[in-house]
Amino acid sequence: MNEREIFEDIKKLLDSEALVTARLVESIAKTSQLAAASSPEVAELFGQWLSLVGGEVKRMARPGEELSVNEAAGAIGITPVSLLSLLLLLQRRGEITMESVKIGQGTGQNEDVCDCLMA
């Protein structure tokens, strides 16, 4: 490796670390905002919402049948990322088992980051 290649590798590493640091700071800020708005009543309401939406997901996720993530999420009124999170939660609880996953082309965007933070 010549000096130029080493410099480029170090620059890529530093750029990568800057992105990781930005994501970490963003996550801490989000957590702080959620904690500030949290109260026992809000936690209870979220638990009720999670139970209701989880029940709807379970109703739509019939054993032996395929489930379109985009269609199911749209029908419930949540994002596909939220639906996947709920499916994983239900699987962890032992309420369902996901038997297969069909992979599609990515969007090229981090779907965990709100569009409002990208501006």
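In this text the structure is predicted, and so the values were computed from the model without any measurement. (Residues numbered from 1 in each chain as written. Predicted model: local features only at pLDDT ≥ 70, side-chain atom pairs only at ≥ 80, totals over all residues. Heavy atoms only, no water.)

Where do I start with the packing of helix α2 (residues 40-60) against helix α4 (residues 80-92) in this structure?
Packed helices, taken two at a time, are described by the angle their axes make and the gap between the axes. Remark: α2 packs on α4, axes separated minimally by 10 Å, with the N-to-C direction vectors making an angle of 85 degrees. With respect to each other, α2 and α4 are oriented roughly perpendicular. For the pair formed by α2 and α4, the contact residues are L50, V53, G54, V57 and K58 on the first element and L83, L86, L87, L89 and L90 on the second. (Axes fitted to C-alpha atoms, helices over the stretch in contact; angles between N-to-C directions. Helix = DSSP H or I, 4+ residues; strand = E, 2+ residues; numbered from the N terminus. Parallel < 35°, antiparallel > 145°, perpendicular 65-115°, else oblique. Contact = heavy atoms within 4.5 Å.)

Help me out: how do you make sense of the packing of aromatic side chains in this one?
Given two aromatic rings, their pairing is described by the distance between the two centres and the angle made by the two planes. A full pass over the atoms with the stated rule returns 1 aromatic pair. Judged by centre distance (5.8 Å) and plane angle (25 degrees), the ring pair of F46 and W49 falls under stacked. One end of the pair, F46, and the other, W49, are both in helix α2, 3 residues apart, so they sit about a helical turn from each other. For F46, a relative accessible area of 48% corresponds to the partly exposed category. In this structure W49 comes out as partly exposed when scored by relative accessible area, which is 37%. (Phe/Tyr/Trp six-rings, centres within 6.5 Å; stacked < 30°, edge-to-face > 60°. Buried < 20%, exposed > 50% of the residue type's maximum accessible area, 1.4 Å probe, protein only.)

Any chance you could explain α2 here in plain terms?
Residues lying three or four places apart along an α-helix face the same way, a consequence of the helix completing one turn every 3.6 residues. In this model α2 runs 30 Å from its N-terminal to its C-terminal C-alpha over 21 residues, within 8% of the 30 Å that 1.5 Å per residue would give. Taken residue by residue, α2 has V53, G54 and V57 as its buried positions. End-on, the buried residues of α2 take up no more than an arc of 110 degrees, which puts them together on one face. Exposed side chains of α2 directed beyond 90 degrees from the buried face belong to P40, E41, L45, S51 and L52. Where α2 is buried, its residues contact α3 (69-76) and α4. (Expected span 1.5 Å × (residues − 1). Arc of directions from axis to C-beta.)

How should a nonpolar patch on the surface be read in this particular structure?
A contiguous nonpolar surface patch, about 430 Å² in accessible area, is contributed by M1, I6, I10 and L14. In this structure, L14 sits in helix α1 (residues 3-37). (Patch = residues over 30% accessible without salt bridge, like charges linked within 9 Å, V, L, I, M, F, W, Y side chains within 5 Å. Areas by Shrake-Rupley, 256 points an atom, 1.4 Å probe, with all protein chains shown as cover. Salt bridge = Lys/Arg side-chain N within 4 Å of Asp/Glu carboxyl O.)

For this particular structure, what's the right way to read the pattern of salt bridges?
Between side chains of opposite charge, a pair can form when the charged atoms approach closely. All chains considered together, the criterion is met by 5 salt bridges. Between R59 and E56 there is a salt bridge, with the nearest N and O atoms lying 2.5 Å from each other. Of the two residues, R59 and E56 are both situated in helix α2; the distance of 3 residues between them amounts to about one turn of the helix. Its relative accessible area of 47% is what places R59 among the partly exposed residues. The class for E56 is partly exposed, based on a relative accessible area of 29%. The closest approach of N and O atoms between E65 and R62, which form a salt bridge, is 3.6 Å.

Help me understand the environment of I6 in this model?
Considering the arrangement of structural elements, one finds I6 in helix α1. I6 gets classed as partly exposed once you look at its relative accessible area, which sits at 40%. Between the alpha carbons of I6 and L88 there is a distance of 42 Å; along the sequence they are 82 residues apart.

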